Amino acid sequence: MDLRGWLRSKMVLLVLGLLAFACGKKEDGSGPIKIGHFASMTGAQATFGISTDRAIQLAIKERNAKGGVKGRMIEVKTIDDAGKQSEAATAVTRLINDYGAVAILGEVASSLSLAGGPIAQKSKIPMISPSSTNPDVTSIGDYVSRVCFLDDFQGWVVAKFAFENLKAKKAAILYDQAQAYSSALGKFFEQSWKEMGGEITVKAAYTGGNLEISSQLQQLAGSESDVIFLPGYYSDAATIIRKAREQGIKAVFIGGDGWDSEELHKIAGNALDGNYFANHYSPLEDRPEVKNFVEKYRAEYKAEPDGLAALGYDAALLLFDAMDRAKSLAGPDLRDAINSTKNFTGVTGTFSIDAKRNAKKSAVIIEIKDGKQRIAARVEKK
Amino acid sequence: MSDLLQTTINTLALGGLYALIALGYTLVYGILRFINFAHSDVVAWGGWIAFTVASALGFLTGGGGVLAMMVVLLITMALCAALGVTIERLAYRPLRKAPRLNVLITAIGVSLFLQNVGLLDRLFGTRPTTIVPVLPNTVLVELGSVPIRIYDVLTIFLAVGLVFALERLVYRTKMGRAMRAVSFDERIAALMGVNVNVVVSVTFAIGSALAAAGGILFALRNDLRLTADSTWVLLGLKAFVAAVVGGIGNVRGAAAGALLIAFVEVFVHFWITKLFAGTEWVGQLQDVYVFVILIVVLLWKPSGLFGKSTVEKV
């Protein structure tokens, strides 16, 4: 064998070795357990990703301090999708193929879970969404589950509160037509509202980010509604409420869990007073799990944990619990363990993963008064 | 009746906002015959620079009022003018003799550069915020039952004032004559002793200063979005459509186009949804109506509403 032939054979080996290395980061039972997290760490819903990520890091830190899972440490890699659908799909692909994640946590926004979920399903890697509430998310397939309630429930909760507690009769809806979460939640609210005997005055749409909506606001102003349901995300909702108050709209605004961010208060200021939104939990609840979590989170980050943080924490804990029970960390085994979770107690309540891989949960209604949040009502799961 | 008044005011205010931005597109196109895709990013930077200036001067905590707003406006316009001149000097001037496609692609590159540099934590960061405390949107006067608010008045006055100032500049001053000469024929203008580089720099300075004004007004009305957010791109796109509809390269055309686009987006949208109340999709197509108008106008007048007479060009 001459030198060139020898070099060539070595090159072939090297390339094969690199290829094997590139694809070979698969779970092999040694080293740290790798979890992937895709989230909007930047962009218009940045606080969603940041809160969730902080809570996941906290959960992992605590678990590793107790010796990890199956005697191995846990490691997480977070990829920022900037709140964009195209980036979300790429992020999941990278987490599975490049990083070698055995499970995926994410996303908050339903549109992004709908973009990333099919990739996890195809790769047979379980994905747990902490807080995507759109019903379609878990119908992607048996590898996708969630730990939050669904929008049909949330729509009903908001309608029930507005109808029974606020004694409202006429409601208007203003939803973001570019978000699966917002348009579906709007529909569920409308359905429940009509069943209860309420009247829908106006149903108007905007496109998230495009807030030159004086025409829509004027329609709302002329509708003489008691309440306006605004199932959008916080950065849009904050501006819309501020502008609506400036236009002289007096109706009470109610929103969903998409409002949950400290940024909502920063942008809308005192225009928020007297409005309500539904959420998964409140840091003000006095259940021991909540108190414990809030204390630890505050000590770690010097910030108040919002609903997204609580759900991120629960998603991580549920995943560890399933890993403990699973025969191995291979996709199908881990999937079966997650899907058979029963009576799991987390920060956001006690729940089971049902046949459709959803969680039945209770909700709280938060009232905003003098810039502060207060629990206005608690609606039990149905 | 009050609905009619309200929609009219909203149309005028939004039209003014679009006009400020459309003028930048139309000026640059008039002189250099290329579309400056980075213009919408200068608008976004205008909003964010205003925020930075206002917080540095302490207007965001203590409040400020109209005077503070004017200070912020002038500083921001000056900074954005400098930004525009720098962009032209570094990115476009070396390509002055290159095929136009090269400049166009460079403009897209500059746009992406501005978007992503703006996202750096040391600059503007990745969280939406508000500059409303500088000048809260108070009611100035009430006409019937319709409150007239300070942002609307400010937008309309700024737009009308600046459009008139620009008209005067272009048609009544020596610099304006030089601009028109360069627009007509760059080479012959240079032979006649016009300093083309200075004219182009001035054009970019004016266009970017107007963009800054547009950016601030947009940020006041809608709070600040991230520099890399589609909001700014859409805003720029609509202003660009306004410039094209009016006849790109024409100052009055840009203003008229902006009014037409705002008219469709606010006035037409409001009344059409009211007419078809209960049919949800009619209201959902707001942005579609804007672009339908573009197609209709271009089919009827391919060079835009005011685009025919070349003498009128800047």
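Residues numbered from 1 in each chain as written. Chains lettered and ligands numbered in written order. Predicted model: local features only at pLDDT ≥ 70, side-chain atom pairs only at ≥ 80, totals over all residues. Heavy atoms only, no water.

Q: Which residues make up the domain arrangement of chain A, and what values do they have?
A: Reports of interface size often rely on the accessible area that becomes lost once the parts have come together. Residue and element names in this part refer to chain A. The domain architecture assigned to chain A consists of domain 1 (33–149 + 286–351) and domain 2 (151–279 + 365–379). Each of domain 1 and domain 2 was reduced to a C-alpha centroid, and the two centroids are 28 Å apart. Between domain 1 and domain 2, the residue contacts involve 18 residues of the former and 19 residues of the latter. Between domain 1 and domain 2 the total buried area reaches about 1,500 Å² when both faces are included, carbon and sulfur atoms providing 52% of it. At the junction of domain 1 with domain 2, the criterion picks out 0 salt bridges. In this assembly, domain 1 and domain 2 are joined by 11 residue pairs in polar contact (both at pLDDT 80 or more). Those elements that provide at least two residues to the side of domain 1 that touches domain 2 are helix 2 (46–65), helix 4 (110–123) and helix 11 (307–325). Within the side of domain 1 that touches domain 2, the residues separate by chemical class into 8 nonpolar, 8 polar and 2 charged. (Domains from an automatic or database assignment. Contact = heavy atoms within 4.5 Å. Buried area = accessible area lost by both parts, 1.4 Å probe. Salt bridge = Lys/Arg side-chain N within 4 Å of Asp/Glu carboxyl O. Polar contact = N/O pair within 3.5 Å; in protein donor to acceptor, adjacent residues only side chain to side chain. Helix = DSSP H or I, 4+ residues; strand = E, 2+ residues; numbered from the N terminus. Nonpolar A, V, L, I, M, F, W, Y, C, P; charged D, E, K, R; others polar.)

Q: Quick rundown of the sheet that holds strand 14 (residues 372–379) of chain A? Include the residues and the values.
A: Residues and elements named next belong to chain A. Strand order in the open sheet formed by 7 strands is 7-6-8-9-10-13-14, with mixed pairing between adjacent strands. Since the sheet does not close on itself, it has two edges, and those belong to strand 7 (199–206) and strand 14, each with one partner. Sheet twist, expressed as the average angle between the axes of neighbouring strands with direction ignored, equals 25°. In terms of strand pairing, strand 10 (residues 276–279) meets strand 13 (residues 363–369) through 4 bridges, oriented antiparallel. In the strand pairing of strand 13, Phe 277 is matched with Ile 366. Packed onto the sheet, helix 6 (residues 180–196) meets strand 6 (170–176), strand 7 and strand 8 (227–229) and runs at close to 165° relative to strand 6. Lying on the sheet, helix 7 (residues 214–221) is in contact with strand 6, strand 7 and strand 8; it crosses strand 7 at an angle near 175°. (Pairing = 2+ DSSP bridges. Axes fitted to C-alpha atoms, helices over the stretch in contact; angles between N-to-C directions.)

Q: Which residues make up the interface of chain A and chain B, and what values go with them?
A: Taken together, the contact between chain A and chain B spans 32 residues of the former and 35 residues of the latter. Between chain A and chain B, a total of about 2,800 Å² is buried, with carbon and sulfur atoms accounting for 41% of that surface. Summed over the shared surface of chain A and chain B, the number is 5 salt bridges. Here A:Glu263 and B:Arg127 are joined by a salt bridge, their closest N and O atoms 2.8 Å apart. One can count 22 residue pairs in polar contact (both at pLDDT 80 or more) joining chain A with chain B. Those elements that place two or more of their residues in the side of chain A that touches chain B are helix 2, strand 7, helix 7, helix 8 (234–246) and helix 9 (262–268) of chain A.

Q: Which residues make up the pairing of strand 2 (residues 146–149) of chain B, and what values go with them?
A: Residue and element names in this part refer to chain B. Of the two faces of strand 2, the one holding Val 146 and Ile 148 and the one holding Pro 147 and Arg 149 are both buried throughout. As paired strands, strand 1 (residues 139–143) and strand 2 are joined by 4 bridges and run antiparallel to one another. Paired with Val 141 across the strands is Ile 148, a residue of strand 2. Between strand 1 and strand 2, which pair antiparallel in sequence order, lie 2 residues; one of them, Gly 144, sits at a positive phi of approximately 65°. (Buried < 20%, exposed > 50% of the residue type's maximum accessible area, 1.4 Å probe, protein only.)

Q: Summarise a nonpolar patch on the surface; cite the residues concerned and give the values.
A: A cluster of nonpolar side chains, namely B:Leu57, B:Val71, B:Ile75 and B:Leu79, defines an oily patch on the protein surface of about 300 Å² accessible area. Following the sequence through the fold, B:Val71 ends up in helix 4 (residues 66–92). (Patch = residues over 30% accessible without salt bridge, like charges linked within 9 Å, V, L, I, M, F, W, Y side chains within 5 Å. Areas by Shrake-Rupley, 256 points an atom, 1.4 Å probe, with all protein chains shown as cover.)

Q: I'd like a rundown of the environment of A:Gly274, residues and numbers included.
A: Residues and elements named next belong to chain A. Following the sequence through the fold, Gly 274 ends up in the loop between helix 9 and strand 10. Gly 274 gets classed as partly exposed once you look at its relative accessible area, which sits at 29%. Between the alpha carbons of Gly 274 and Ile 366 there is a distance of 10 Å; along the sequence they are 92 residues apart.

Q: How would you summarise the sheet that holds strand 1 (residues 33–39) of chain A if you had to cite specific residues and measurements?
A: By definition, the strands of a sheet pair up through backbone hydrogen bonds, in either a parallel or an antiparallel sense. Residues and elements named next belong to chain A. Across the sheet, 5 strands lie side by side as 2-1-3-4-5; this open sheet has parallel pairing. Taken across any chain shown, the strands that pair with only one partner, and hence form the sheet edges, are strand 2 (74–80) and strand 5 (144–146). Across the sheet, the mean angle separating the axes of adjacent strands is 25° when strand polarity is ignored. As judged from the 7 bridges shared by strand 1 and strand 2, these two strands associate in the parallel manner. Across the sheet, Gly 36 pairs through a bridge with Lys 77, a residue of strand 2. Here helix 4 sits on the sheet in contact with strand 1, strand 4 (127–129) and strand 5, set at roughly 165° to strand 4.

Q: Break down the nonpolar core for me, with residues and values.
A: Within the largest apolar cluster, 96 residues are counted, with the highest numbers of intra-cluster contacts made by B:Phe34, B:Tyr92, B:Ile131, B:Trp232 and B:Leu235. Those residues in contact with B:Phe34, other than ones at most four positions away along the chain, are B:Val28, B:Tyr29, B:Tyr92, B:Arg100, B:Val103, B:Leu104, B:Ala107 and B:Phe204. Membership of the second largest hydrophobic core comes to 81 residues, among which are A:Ile200, A:Tyr233, A:Ile366 and A:Val379. (Core = buried A, V, L, I, M, F, W, Y, C linked by side-chain atoms within 4.5 Å.)

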